[in-house]
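Secondary and tertiary structure notes
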Amino acid sequence: MDLEDIYQNVERRDIEDTTGPRTLNHSQDEGRNEKRRGSRCLVLMTVCLGIICVVLLVSIILQHISNTAERESLFKSNKNTVKEFNQTINSLQDNYTELMTEKDQLKNNFSSLSQKKLELETRVNDLTAEKKQLQGSVDSLNQKKLELESKVTSLSEEVKLKGCKEGLFFISSESKNWSESRQYCRDRGTDLVIIDTEEKQRHITSFLKESVWIGLSDTENEGNMKWVDNSPLKQGFWFKGEPNNDGNEDCIELDPEKDPVNNWNDLPCSEKRKGICEN
Ligand SMILES: *[C@@H]1O[C@H](CO)[C@@H](O)[C@H](O)[C@H]1NC(C)=O
Ligand SMILES: *[C@@H]1O[C@H](CO)[C@@H](O)[C@H](O)[C@H]1NC(C)=O
Ligand SMILES: *[C@@H]1O[C@H](CO)[C@@H](O)[C@H](O)[C@H]1NC(C)=O
Ligand SMILES: *[C@@H]1O[C@H](CO)[C@@H](O)[C@H](O)[C@H]1NC(C)=O
């Protein structure tokens, strides 16, 4: 009900009242008027209170609505943050699991590599020991070789010495010119052979396999053959047509392939032959 309506209603009642029985006296009228004024005031106050109540209610409702909206938006953003956190945590968990797996693998690999390292170390040690052993063997073999070599040398020296003592012959090791082959014999305390009998000539020829220098030459005086001990040649065992001094042939070889006895030949002294030495 509107304020205006209330007021009008009150007025109307007043009018109805005046149109009612007019038998009331003047003092009764005055009391009624005062009563009417008081109730009007009461109505006004009531209305005012009502309005204030309504305004308060409205403001309370508005505040509540705005609070709810704020809370809702806050809740929403919180929810998003939680979601993000959850994602990060999940990803961290995944990464952790992955890293643990990798760690296990690395552990396995490390232990297998350690095992391998140990094996290799053992092998290296074995091989080192073997190497040492082999080195020792090589050393002892070298020692033995040296011993054998010196034995061979001393034996061959012995044989040579024996040969010299018993008037035996030996042949130089390399083909050289006449004077060098003679030097080979002289270096060993002997000289190129002197052949003064047919028996000796046959004997020497029998064991020779190649032609050799003998101790005969006419270097000093062409046509005047001399032995290395400066004695003159008495009996020669020349091959047919020799000596012919074909060019300048001053040194004499014995060639076993030519003949069992008559097999001497003159050659240039620079030719290379082995020499036959005799003590
Ligand atoms: C977090 O993520 C896991 C797995 O993706 C899911 O099961 C869980 O419900 C999530 N929690 C929240 C609060 O989103
Ligand atoms: C997990 O690992 C991936 C790649 O390895 C990386 O890109 C990501 O940032 C990591 N996650 C976190 C939360 O660190
Ligand atoms: C472990 O070793 C295996 C093969 O031996 C290899 O394939 C793997 O990549 C290794 N793991 C790591 C983490 O290095
Ligand atoms: C023999 O050889 C030596 C060394 O090569 C040399 O000095 C000498 O002149 C040579 N003698 C002859 C006659 O060729």
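Preceding this paragraph is the structure being described.
Residues numbered from 1 in each chain as written. Chains lettered and ligands numbered in written order. Predicted model: local features only at pLDDT ≥ 70, side-chain atom pairs only at ≥ 80, totals over all residues. Heavy atoms only, no water.

For the rest of this paragraph, the subject is the site of ligand 2. Inspection of the region around ligand 2 gives Ser91, Leu92 and Asn95 as its neighbouring residues. In the model, a nitrogen atom of ligand 2 is placed 3.0 Å from a nitrogen or oxygen of the serine 91 side chain. The contact in question runs from an oxygen atom of ligand 2 to an N or O atom on the side chain of asparagine 95, over 2.5 Å. Within the complex, 34% of the 360 Å² of free accessible area of ligand 2 lies under protein. (Near = heavy atom within 4 Å. Polar contact = N/O pair within 3.5 Å; in protein donor to acceptor, adjacent residues only side chain to side chain. Areas by Shrake-Rupley, 256 points an atom, 1.4 Å probe, with all protein chains shown as cover.)

Moving on, we get to the state of the cysteines. The tally for this structure, following the rule as stated, stands at 2 disulfides. Paired by a disulfide, cysteine 185 and cysteine 277 hold their sulfur atoms 2.0 Å apart. Its torsion about the S-S bond being -75 degrees, the disulfide of cysteine 185 and cysteine 277 is classed as left-handed. Residue cysteine 185 is located in helix 3 (residues 178-187), and its partner cysteine 277 is located in strand 7 (residues 274-278); the two are separated by 92 residues in the primary sequence. Between the sulfur atoms of cysteine 251 and its disulfide partner cysteine 269 the distance amounts to 1.9 Å. Note on the cysteine 251 and cysteine 269 pair: the S-S dihedral is about 95 degrees, so by sign convention the disulfide is right-handed. Here cysteine 269 lies in the loop between strand 6 (264-267) and strand 7 and cysteine 251 lies in strand 5 (residues 251-254), a separation of 18 residues in the sequence. Taken N- to C-terminal, the disulfide-bonded cysteines of the protein are connected 1-4, 2-3. Here cysteine 41 stays unpaired: no disulfide links it, and the sulfur of cysteine 48, its closest cysteine neighbor, is 9.6 Å away. (Disulfide = S-S within 2.5 Å. Helix = DSSP H or I, 4+ residues; strand = E, 2+ residues; numbered from the N terminus.)

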